[in-house]
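Inside the fold
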Amino acid sequence: MVLTAEKDDQWEVVDIESGLDGASSVVDRQDSLFREAVRGGHHSAGAGQYEQDSWWRTLRLAFQCVGILYGDVGTSPLYVYSTTFDHGVGHPDDILGVLSLIIYSFMLFTVIKIVFVALHANDDGDGGTFALYSLISRHAKVSLIPNHQAEDELVSSYGKQGKPSATMRRANWLKHLLETSKAAKISLFLLTILAIAMVISDAVLTPPISVLSAVSGLKEKVPGLTTDQIVWITVAILVVLFAIQRFGTDKVGYSFAPIIMLWLLLIGGVGLYNLIKYDVGVLRSFNPKYIIDYFRRNKKEGWVSLGDILLVFTGTEALFANLGYFSIKSIQLSFSFGLLPSIFLTYIGQAAYLRRHPEHFADTFYRSVPSPLFWPTFILAIAASIIGSQAMISCAFATVSHLQTLSCFPRVRILHTSKRFHGQLYVPEVNLLLCVAACLVTVSFKTTTIIGKAHEICVILVMIITTLLMTIVMLLVWKISIWWIALFFFIFIPIESIYLSSVLYKFIHGPYVPVAMSVVLMVVMIVWHYVHAKRYKYELKHTLSPNKAKELLEHHDLKRVPGVGLFYTELVQGIPPIFPHLIEKIPTIHSVLIFVSIKHLHVPHVDASERFLFRQVEPKEYKVFRCVARYGYRDSVDQEAEGFVLALVESLQYYIRDVNLYTVDEIQSISYPISRDHSLSREKPSGRHGIYAEEMITPIQSFSELTTLSNGVSNRLPQFQASKMNIAELAKIEEEQKFIQRETEKGVVYILGESEVVARPQSSLLKKIVVNYIYSFLRKNFMQGEKMLSIPHGKLLKVGISYEI
């Protein structure tokens, strides 16, 4: 047991305010196809004015998302042809075949699958693989950690909708399979973390290939530059790129959008110029016959080149994952009328140039740019590649944050860099590792060809896993016709499998690099999650029984000291076994003791009014409570400790009043508001016995309101138990609330359990290596719990205990 009094480093952690600017927030989000809600305040104007305002916001978001979402996919034309024709152009019509493959693959996988289907499979506005997993987790209990509470489903953003009965049998069958089969749970978990590991690996490869391909254009004007010089210029730019991550990108939408917009207009204009100047006949590539001819002519080499076509889609996963910043309509609008025509014109124009100059396959992009436009193109290419890399780096930071909510990653400091732009994160440790890895990749491979082939495996595996998870969402959540689901699955899985086979054939020529990185990441995730789950189950099995807890609290040697003690535990039910260990060492507890559990739900956000669940531990006179603080996977947990305590104590006082004011039947039948700012209400589940005090309710503000409620509110509430209570009982409740407040003012001490986990002596050698060495190394070399929770070191008490699992 250690009492720490160190001075923590000073970090500024900024609270998040939802919205993209001060005047509005994200609008028109859609929850998994069935819900599209307007966020950002209610309008008293008429429907016509509101519709006009909504369209104005959509247009504004459409402009902003150009800067955030399209940097990576918009820079793919820098290197796609040079990677695909790395051995030269064999036949003139091969150019038409590759262009036809680019056009139809882009339309199928990016436009149809992602932009017009996958964006609807979002989690209350948030996209990406993790959001799909969270969406599935809300409809089936697939978590490997047994911390599910029925009260969690009462959170307003949980959003489980009813569906037509004709499809319920199939959905219930899948739900039963996922919940009862451990193999299904593990498979789903492994698929999710594999996709996440590939996204992080993609964040390592995207900056080198984008920046290196842009910088390589210098050879056109400075022929004397060597490959090594190009590489070190790229490394210098990468170091600067990662160094500025700590400052955040506060006005990212408005700052980056004009640059990417100029880039898209420029490359689209150059493409149109090349099409007219060199060969309008390349438009024949819209005929899919040229794809068939390409494979018939090239056979095995044509199949192998399929993997290179995947570079056209790089950045698509970031587009889906960053949906939370925008709306579906804004992305579809800007994509259809901005990115799509520009990208197509660029690829078509380069194909037209190659038809005339097939010998320039290695540097098609810059060779096809007219000489007067070279330097503007070069400068914009560097800027666009940096912006595209920025999007993938930010995606990696958000991914690590999501992993921690799944208890799959060691503790790292996650800083929020913007007050106004929700979800902008900075993770110093991850940023450093990404920087080192990106520089090593650049120095080792030197050319975009090899890096491009390494990049391909990330793109295709994320695509396949997205298809599999979306199929489960269609079956379990959407519950649409089986024919639509079969059509989706049997179109995308076979085609994506062919692309995967092409990538795996070239495994030793580049794809092994991201696979190796992903294996390391997955080992870290699996080990951390495995030990965490084992430790949780051990603590759950050894929780104190109510009788044991009562006996412990009533022990005559136990002393009470002034103040409030917050005892942090990961258990969401019961008293942890580390508590009697504390009493054994120091037979003293505070006047008010609260067992606090930080819990992450499978929802993006939890409203502040639904944050806390409480239950009082018997005997009541000892003022011992259990509290579960619930957060969504996009909510900030590292808020200042003082603000957290104030919110917790305020909610505790509401709980004390409510649990005494209502009878059992009234608590079960009353309809509670879900937020102080909304008029929606939620019915409590019926058929329960006893006061389920864990269910947090939004209470009446004061006792005086019992007699001054407006008619609208009082009609919704049953007769208060207060009418049956005398003044003395009401005064007792008020005195109890004041007691809590007085003890809070006397001081708060944070008690943190530090449990050392070791494998049992009779465990297998593999388990001993995993628990005693790998997990122990990760735990000792990453951040401690008090820093994650922003606990002042001068008020921290650590309690150490060892578990054998």
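These numbers come from a predicted model, not from an experiment.

1. A closer look at the overall build of the protein chain
A count of helical and extended segments in the protein chain gives 28 helices and 13 strands. Taking all 805 residues of the protein chain together, 58% fall into the buried category. Partitioning the intrachain contacts of the protein chain with sequence separation of at least 6 by distance along the chain shows that 83% fall at a separation of at least 24. For the protein chain, the exposed surface amounts to about 33,300 Å²; the carbon and sulfur share of it is 61%.

2. Side note on helix 9 (residues 227-243)
Taking 1.5 Å per residue as the helical rise, helix 9 with its 17 residues ought to reach 24 Å, and the 24 Å between its terminal C-alpha atoms agrees with that figure. Buried within helix 9 we find I230, V231, T234, V235, I237, L238, L241 and F242. Among the structural elements, helix 7 (182-215), helix 8 (218-221), helix 16 (374-405) and helix 17 (428-445) are those in contact with the buried residues of helix 9.

3. Observations concerning the pattern of salt bridges
If you walk through the whole model with that rule in mind, you get 17 salt bridges. A salt bridge links D279 to R355, with the shortest nitrogen-to-oxygen separation between them at 3.0 Å. Of this pair, D279 sits in the loop between helix 10 (252-278) and helix 11 (289-298) while R355 sits in helix 14 (residues 328-356), and the two are 76 residues apart along the sequence. Among the residues examined, R355 registers a relative accessible area of 25% and is labelled partly exposed. K506 is paired through a salt bridge with E456; the nearest N and O atoms lie 3.3 Å apart. Pair noted here: K506 is in the loop between helix 19 (482-505) and helix 20 (512-541) and E456 is in helix 18 (residues 448-478), with a separation of 50 residues, a long-range link. Neither K506 nor E456 differs from the other in exposure class; each is buried. Overlapping salt bridges bring together D308, K453, E456 and K506 as one network.

4. Here we look at the side chain of T744
As for its placement among the helices and strands, T744 is situated in helix 26 (residues 727-746). Aside from chain neighbours lying at most four places away, what touches T744 is V564, V645 and V649.

5. Comments concerning the confidence of the model for the protein chain
Fine structural detail should not be taken from predicted coordinates in areas where pLDDT scores are low. On average, residues of the protein chain score 78 in pLDDT, and 80% of them reach the 70 mark or higher. A low-confidence stretch, residues 1-51 stays under pLDDT 50, and its non-local contacts, those more than four residues away or across chains, total 129 contacts. A low-confidence stretch, residues 663-723 stays under pLDDT 50, and its non-local contacts, those more than four residues away or across chains, total 122 contacts.

6. Some words on the packing of aromatic side chains
The full count for this structure, using the stated rule, is 32 aromatic pairs. Counting every residue linked through ring pairs, the aromatic cluster contains W263, F365, Y366, F374, W375 and F378. The cationic tip of K289 hangs over the ring face of Y290; the distance from NZ or CZ to the ring centre is 4.6 Å. The ring of F739 has K623 sitting right over it, with the charged end atom 5.5 Å from the ring centre.

7. Digging into the environment of A362
In this structure, A362 sits in the loop between helix 14 and helix 15 (364-367). Residue classification places A362 among the exposed positions, given a relative accessible area of 55%.

8. Quick notes on the environment of I450
Along the polypeptide, I450 turns up in helix 18. Between the C-alpha atoms of I450 and P511, which are 61 residues apart in sequence, the distance is 8.8 Å.

9. Concerning the packing of helix 6 (residues 168-180) against helix 7
Contact pair helix 6 / helix 7: the axes reach a minimum separation of 5 Å and the direction vectors enclose 90°. Between helix 6 and helix 7, the interaxial angle falls into the category roughly perpendicular. Counted together, L177, L178, E179 and T180 of helix 6 and K182, A184 and K185 of helix 7 form the full contact between these two elements. Partitioning the contact of helix 6 with helix 7 into residue classes produces 3 nonpolar, 1 polar and 3 charged.

10. A word on the nonpolar core
Y70 and L434 are the most contacted members of the largest nonpolar core, which has 169 residues in total. Not counting residues within four places of it along the chain, the set of residues in contact with Y70 comprises C65, I260, L319, I331, S334, F335 and L339. Within the second largest apolar cluster, 27 residues are counted, among which are V596, I656, V659 and L752.

11. Topic: a positive patch on the surface
Positive charge collects at one region of the surface, where K182, K534, K537, K541 and R760 lie side by side. For the positive patch, the element with the highest residue contribution is helix 20, accounting for 3 residues. Topologically, K541 is positioned in helix 20.

12. As for a negative patch on the surface
A surface patch of like charges, here negative, comprises E551, E554, E618 and E621. Residue position: E551 is located in helix 21 (residues 546-553). Residue E551 is classed as exposed on the basis of its relative accessible area of 53%.

13. Some points on the side chain of R611
Note on placement: R611 falls in the loop between strand 7 (588-600) and strand 8 (612-617). Among the polar contacts made by the side chain of R611, one reaches the main-chain carbonyl oxygen of R630 at a distance of 2.8 Å. Not counting residues up to four positions away in its chain, the partners in contact with R611 are V606, V628, A629, R630, Y631 and D635.

14. A few points about the pairing of strand 12 (residues 748-758)
Where strand 6 (residues 559-568) meets strand 12, 5 bridges bridge the pair, whose relative direction is parallel. Considered in strand 12, the bridge of F567 is made with I751.

Basis of the calculations
- Residues numbered from 1 in each chain as written.
- Predicted model: local features only at pLDDT ≥ 70, side-chain atom pairs only at ≥ 80, totals over all residues.
- Heavy atoms only, no water.
- Helix = DSSP H or I, 4+ residues; strand = E, 2+ residues; numbered from the N terminus.
- Buried < 20%, exposed > 50% of the residue type's maximum accessible area, 1.4 Å probe, protein only.
- Contact = heavy atoms within 4.5 Å.
- Areas by Shrake-Rupley, 256 points an atom, 1.4 Å probe, with all protein chains shown as cover.
- Expected span 1.5 Å × (residues − 1).
- Salt bridge = Lys/Arg side-chain N within 4 Å of Asp/Glu carboxyl O.
- pLDDT = per-residue confidence, 0-100.
- Phe/Tyr/Trp six-rings, centres within 6.5 Å; stacked < 30°, edge-to-face > 60°.
- Lys NZ or Arg CZ within 6 Å of the ring centre and 35° of its normal.
- Axes fitted to C-alpha atoms, helices over the stretch in contact; angles between N-to-C directions.
- Parallel < 35°, antiparallel > 145°, perpendicular 65-115°, else oblique.
- Nonpolar A, V, L, I, M, F, W, Y, C, P; charged D, E, K, R; others polar.
- Core = buried A, V, L, I, M, F, W, Y, C linked by side-chain atoms within 4.5 Å.
- Patch = residues over 30% accessible without salt bridge, like charges linked within 9 Å, V, L, I, M, F, W, Y side chains within 5 Å.
- Lys, Arg positive; Asp, Glu negative; His and termini not counted.
- Charge placed at Lys NZ, Arg CZ, Asp CG, Glu CD.
- Polar contact = N/O pair within 3.5 Å; in protein donor to acceptor, adjacent residues only side chain to side chain.
- Pairing = 2+ DSSP bridges.

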